Amino acid sequence: MLFRSTQPLDNSLINWPKFQERYQNSIGDTNRFTINYAFGQLRSQNAEILVNMTASPNRFPIANDSDWANKWELWQHYYAQSFYLGSNFDVERFSMFNEPNNWTGLTVDNWLIRLNVASDAIKSAISDVNARYGKSLVAERSEEHTSELQSHLNLVCRLLLEK
């Protein structure tokens, strides 16, 4: 199932009221803040925002590359956040994980599947923001700094995902 870019705000595909409510109210366990207010203040100062979006393997499990149902759930998670943040705060810089090797049981193969899904969702969301709102944002993904994922093979895989 592909997300139809002609209907990015369709509530039957993504629960937009949930995302809007989440960003309008305080979130966080120890460092509570309101994303809409904080990001609005940053943008009023012309700050470029880099968003680190996490989707834990426990909440969004993906068994293998053929697990389309769970990949779709993960895709929606990254798409919705990227679309919301891009359309409201011109966010175009994203990071998927801060330290992927800190997630118990997350293999390099599973991480690469997640990276592929997240990259596609972010690019699609920013493209839809540009088409819908006449913006010219360019989706960028920040590189992680994790030694386990810095092997030559994994750097080549990352470069291939960028294309």
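Everything that follows concerns the structure shown earlier in this document.
Keep in mind that what you see is a predicted model, and the values were worked out from it rather than measured.

Colleague: Looking at this structure, how should I read the packing of helix α1 (residues 16–24) against helix α3 (residues 68–89)?
Modeller: Angle between the axes and distance between the axes are the two parameters that describe a pair of packed helices. Axis separation between α1 and α3 bottoms out at 11 Å; the angle between their running directions is 60 degrees. Viewed along their axes, α1 and α3 adopt a mutual orientation that is oblique. Helix-helix and strand crossings are classified by hand; for α1 and α3 the assignment is right-handed. Between α1 and α3, the contacting residues are Trp16, Phe19, Gln20, Arg22 and Tyr23 on the first element and His77, Tyr79, Ala80, Gln81, Phe83, Tyr84 and Leu85 on the second. For the contact of α1 with α3, the class distribution of residues is 8 nonpolar, 3 polar and 1 charged.

Colleague: I tried to follow unusual backbone geometry on my own but got confused; where do I start?
Modeller: Excluding glycine, residues mostly carry a negative phi; peptide bonds, for their part, are mostly trans. A positive phi angle, near 60 degrees, is found at Asn46, a position not held by glycine. Relative to the elements of secondary structure, Asn46 occurs in the loop between α2 (35–44) and β3 (50–52). Asn46 gets classed as exposed once you look at its relative accessible area, which sits at 65%. The backbone of Asp90 sits at a positive phi, close to 55 degrees, despite the residue not being glycine. Tracing the chain through its elements places Asp90 in the loop between α3 and β4 (93–95).

Rules used in this analysis
- Each chain carries its own residue numbering, running from 1 in the direction its sequence is written.
- Per-residue local features are limited, in this predicted model, to residues with pLDDT of at least 70; the limit for side-chain atom pairs, both in listing and counting, is 80 or more; totals at the level of whole chains, interfaces and linings are taken over all residues.
- Values shown for side chains rest on all heavy atoms present in the structure; no hydrogens or waters enter the calculation.
- Working convention: axes come from line fits to C-alpha atoms, limited for helices to the stretch in contact. Angles between N-to-C directions cover 0 to 180 degrees.
- By the criteria applied, helices consist of DSSP H or I runs no shorter than four residues and strands consist of E runs no shorter than two, each listed in order from the N terminus.
- Roughly parallel here means an angle under 35 degrees, roughly antiparallel means over 145, roughly perpendicular means 65 to 115, and every remaining angle is called oblique.
- By definition, turning the near helix anticlockwise from the far helix through less than a right angle yields a left-handed crossing, and turning it clockwise yields a right-handed one.
- Throughout, a contact is declared for two residues whenever any of their heavy atoms are within 4.5 Å.
- All residues other than Ala, Val, Leu, Ile, Met, Phe, Trp, Tyr, Cys, Pro, Asp, Glu, Lys and Arg, Gly among them, are scored as polar; the first ten of these are nonpolar and the last four charged.
- Each residue's exposure class comes from its accessible area (1.4 Å probe, protein chains only) as a fraction of the maximum for that residue type: buried when under 20%, exposed when over 50%, partly exposed otherwise.

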